[in-house]
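Observations on the three-dimensional arrangement
Chain residues, written in single-letter form:
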Amino acid sequence: MLKIVVGGALNKNENAELIEKYGNGQVEVKVMGDLQAAMALKNGQADYYFGSCQTGAGGALSMAIALNGMSKCVPVAMVGKVLSDEEIAQAIADGKTAFGFVPEAAASVIPVIMGVLLK
């Protein structure tokens, strides 16, 4: 069972619902404040972090970057740029565990991320 925390500045509950929908019963999702979610990832209490904000990188990932390092984080959808499915899959293969995105991209990037994580 994958443990996923949802932080970020916007749409936490909506993002959690999408993660559960595409998690096919194989995920445990918790909505938390940014600091708590980033700490859960750092301490091994969570496997992955998802966050959204208006830019896809700032409020979505700031605490995750601060506590886990940029090498573990990736903005998958920012204003004006959404990573391709292949780029998202490569980021996960490269060890990224925290994903940031703009709210309007959640419905397109969450299914891709979940599909890769559940392979």
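Below you will find a few notes about this structure. None of the values given here were measured: they were computed from a predicted structure. (Residues numbered from 1 in each chain as written. Predicted model: local features only at pLDDT ≥ 70, side-chain atom pairs only at ≥ 80, totals over all residues. Heavy atoms only, no water.)

Attention shifts here to the pairing of strand S2 (residues 27–31). Strand direction decides the pairing type here: strand S1 (residues 2–8) and S2, joined by five bridges, are parallel. Bridge pairing links Ile 4 to Val 29 in S2. Handedness of the S1-helix H1 (residues 12–22)-S2 crossover: right-handed. (Pairing = 2+ DSSP bridges. Helix = DSSP H or I, 4+ residues; strand = E, 2+ residues; numbered from the N terminus. Right-handed = clockwise from strand over helix to strand, strands pointing away.)

With that settled, consider the packing of helix H2 (residues 34–42) against helix H3 (residues 58–68). Put simply, H2 and H3 touch, their axes get as near as 9 Å, and they point 40° apart. Classified by the interaxial angle, the pair formed by H2 and H3 is oblique. Viewed along their axes, H2 and H3 form a crossing whose handedness is right-handed. Of H3, the residues touching H2 (which contributes Asp 34, Leu 35, Ala 38, Met 39, Leu 41 and Lys 42) are Gly 59, Met 63, Ala 64, Leu 67 and Asn 68. (Axes fitted to C-alpha atoms, helices over the stretch in contact; angles between N-to-C directions. Parallel < 35°, antiparallel > 145°, perpendicular 65-115°, else oblique. Left-handed = near helix turned anticlockwise from the far one by under 90°. Contact = heavy atoms within 4.5 Å.)

As a further point, take the packing of aromatic side chains. In the structure shown here, the tally under the stated rule is three aromatic pairs. Note on Phe 50 and Phe 101: the rings are 6.5 Å apart at their centroids and 75° apart in plane angle, and the pair reads as edge-to-face. Here the residue Phe 50 occupies a position in strand S3 (residues 48–52), and Phe 101 occupies one in strand S6 (residues 98–101), the gap between them amounting to 51 residues. For the pair shown, Phe 50 and Phe 101 are each scored as buried. Members of the aromatic cluster, joined through ring pairs, are Tyr 48, Phe 50, Phe 99 and Phe 101. (Phe/Tyr/Trp six-rings, centres within 6.5 Å; stacked < 30°, edge-to-face > 60°. Buried < 20%, exposed > 50% of the residue type's maximum accessible area, 1.4 Å probe, protein only.)

Nothing here speaks to function; it is all geometry.
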